[in-house]
Each structure stands twice: as structure tokens, then as C-alpha cells.
Amino acid sequence: MIRDRYKKLPREFYARDTHAVAKELLGKVVVRQWRGKTIAVRINEVESYVGEDDQASHASRGRTPRTAIMYGPPGLAYVYLIYGMYYCLNVVTEKEGYPAAVLIRGAVMESGMRNQELGLEKPLNGPGKLCRALHITSAQNRLDLARSDTLYIADDGFAVSPRAITATPRVGVDYAGEHALLPWRYVIQNEP
DNA sequence: ACGCTGATGAAG
DNA sequence: TTCATCAGCGTT
């Protein structure tokens, strides 16, 4: 069972500046209930995708059937298939109507959750691996992380010093011109 | 450095 | 309806 001090992040957490949300997601715990088991991993790598002007964002082409979720309420999951075989988990941020999200790129197993049984002893360094480990697919697209009990993000009091956060350019967005250089990828320097 | 793989969105 | 393009990963 999840320890009592795990607090599910409320919608207000996500309804803020995307970079603030992204940095504060570092050290938080993604909790997944799957087939009666709990899988919990601590986030150590994220990326911000902000607005239609961001040429690296899926929303750069405006509202489409796929990107409509990014314009939706904060706290909803945006899950998409990439390269035909991997899923990526994002969480929608900012106020409804403004397209922005944080991509959860990396995490490590949270101890004491019997995760070893589930084969999560290896670091989940990459959004595809993370989704595979947490059994996240397009079935979780549009899920409300502020309400769901099967997939949400929790604060367990783990503190990440701002000094431990490094900002770098985002991964895999070379096509985005000058936006590819923006330091909108945030990583914890020394893993939790 | 490359192939796998299929949804997506733009073009026609 | 086709077609190029991909917010990744594992193997070479």
C-alpha cells in the first residue's frame, strides 16, 4: 500500500507556469496501480513544452485531434505513440486553453514498494522505457492525474535542492530550429 | 550509425 | 488516399 504521507498532487499544482511545474515534478513519485500491484518511481528528468510558438511542441501546428488534450484542463495525461513502438507520458499544465505540458523523461525505482518483483531495478532513463515499465499506453491518454487512483503523481516530502537541478536543451528536437537550443530539459544532477 | 514501427497531419 | 515525419530504443 502507499504510505500515508504520499499526497496526490492536486490540479492547482499543474495549473501554473510550465517550467515551475517541471522543476517541481523532479523528486515527485509517479504511482501506478496495475493488476493489483503498486509501481512507484521517482522522477529525475523532465522537459517543458510550452505554447504554440514552441517549435518543438506538438502544439506548434495548432489544435489538432492529437494535440487538443494539450489545450485541456491541467493535470490531464497526454500519452502518445512515438516511432511506432513507444509511448511517452506528459502531464498538461497551465490554464485551460493554453497548450503546454511536461514530458516525464526519466525516473528511478522507489524503494520499499516491492518494485523488484516487477523488474524495475534498472533506471528508467527515457520516456519509452518509463511508460513500458509503468504499463502506460494510449489507454491512459486524457486520464485525470488529479483524480485517478490508477495513475497519479504524489509528493512524499522528498526535497530536491534547486542547486541540484541542471537545465539542458531538450532531447530529440533538432528539427525545432532555435527552439531546439532552449534549456527546457531539467534533470536532477545526483540521482535520488 | 541504423532499423524497427505505426499514428499523425498535410497534401492531393 | 498517399506520404514524409517522428519529444525513442536497442543493437551494430
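Now for a look at the structure at hand. (Residues numbered from 1 in each chain as written. Chains lettered and ligands numbered in written order. Predicted model: local features only at pLDDT ≥ 70, side-chain atom pairs only at ≥ 80, totals over all residues. Heavy atoms only, no water.)

### Notes on the pairing of strand E4 (residues 77–82)
Residues in a regular strand project their side chains so that they alternate between the two faces of the sheet. Relative to strand E5 (residues 86–92), E4 runs antiparallel, the two sharing six bridges. Bridging across to E5, tyrosine 78 finds its partner in asparagine 90. If you look at the hairpin formed by E4 and E5, you'll find three residues sitting between the two strands, and tyrosine 83 has a positive phi there, around 55°. (Pairing = 2+ DSSP bridges. Helix = DSSP H or I, 4+ residues; strand = E, 2+ residues; numbered from the N terminus.)

### A word on the protein's contact with DNA strand C
Around DNA strand C lies a shell of 22 residues, among which His58, Tyr83, Asn90, Lys129 and Tyr175 are the nearest. Backbone atoms, meaning sugar plus phosphate, form 59% of the atoms of DNA strand C positioned within 4 Å of the protein. Here a phosphate oxygen of DNA strand C and a backbone polar atom of proline 127 are 3.4 Å apart. Here a phosphate oxygen of DNA strand C sits 2.8 Å away from a polar atom, N or O, in the main chain of glycine 128. Every element with two or more residues in the surface near DNA strand C is listed here: E4, E5, strand E6 (100–109) and helix H3 (127–134). Considering every element that reaches the surface near DNA strand C, the biggest residue donor is H3, with four residues. (Near = heavy atom within 4 Å. Polar contact = N/O pair within 3.5 Å; in protein donor to acceptor, adjacent residues only side chain to side chain.)

### Thoughts on unusual backbone geometry
Phi at arginine 35 is positive, roughly 50°, even though this residue is not glycine. Mapped onto the elements, arginine 35 comes out in the loop between strand E2 (29–34) and strand E3 (37–50). One non-glycine residue with positive phi stands out, namely glutamate 94, at about 65°. Within the secondary structure layout, glutamate 94 lies in the loop between E5 and E6.

### Structural notes on the protein's contact with DNA strand B
Taken together, the neighbourhood of DNA strand B is formed by Arg61, Thr64, Pro65, Arg66, Thr67, Leu81, Tyr83, Gly84 and Met85. Backbone atoms, meaning sugar and phosphate, make up 72% of the atoms of DNA strand B lying within 4 Å of the protein. One of the side-chain nitrogen or oxygen atoms of threonine 64 is found 2.3 Å away from a phosphate oxygen of DNA strand B. For DNA strand B, a phosphate oxygen lies 3.4 Å from a polar atom in the backbone of arginine 66. Residues of the surface near DNA strand B, tallied by class, amount to four nonpolar, three polar and two charged. (Nonpolar A, V, L, I, M, F, W, Y, C, P; charged D, E, K, R; others polar.)

### Re the side chain of serine 48
By the element assignment, serine 48 lies in strand E3. Among the residues examined, serine 48 registers a relative accessible area of 0% and is labelled buried. In this structure the side chain of serine 48 is engaged in a polar contact, spanning 3.1 Å, whose partner is the side chain of histidine 19. Residues contacting serine 48, with those up to four places away along its chain left out, are Thr18, His19, Ala22, Asp54, Ala101, Arg170, Trp184 and Tyr186. (Buried < 20%, exposed > 50% of the residue type's maximum accessible area, 1.4 Å probe, protein only. Contact = heavy atoms within 4.5 Å.)

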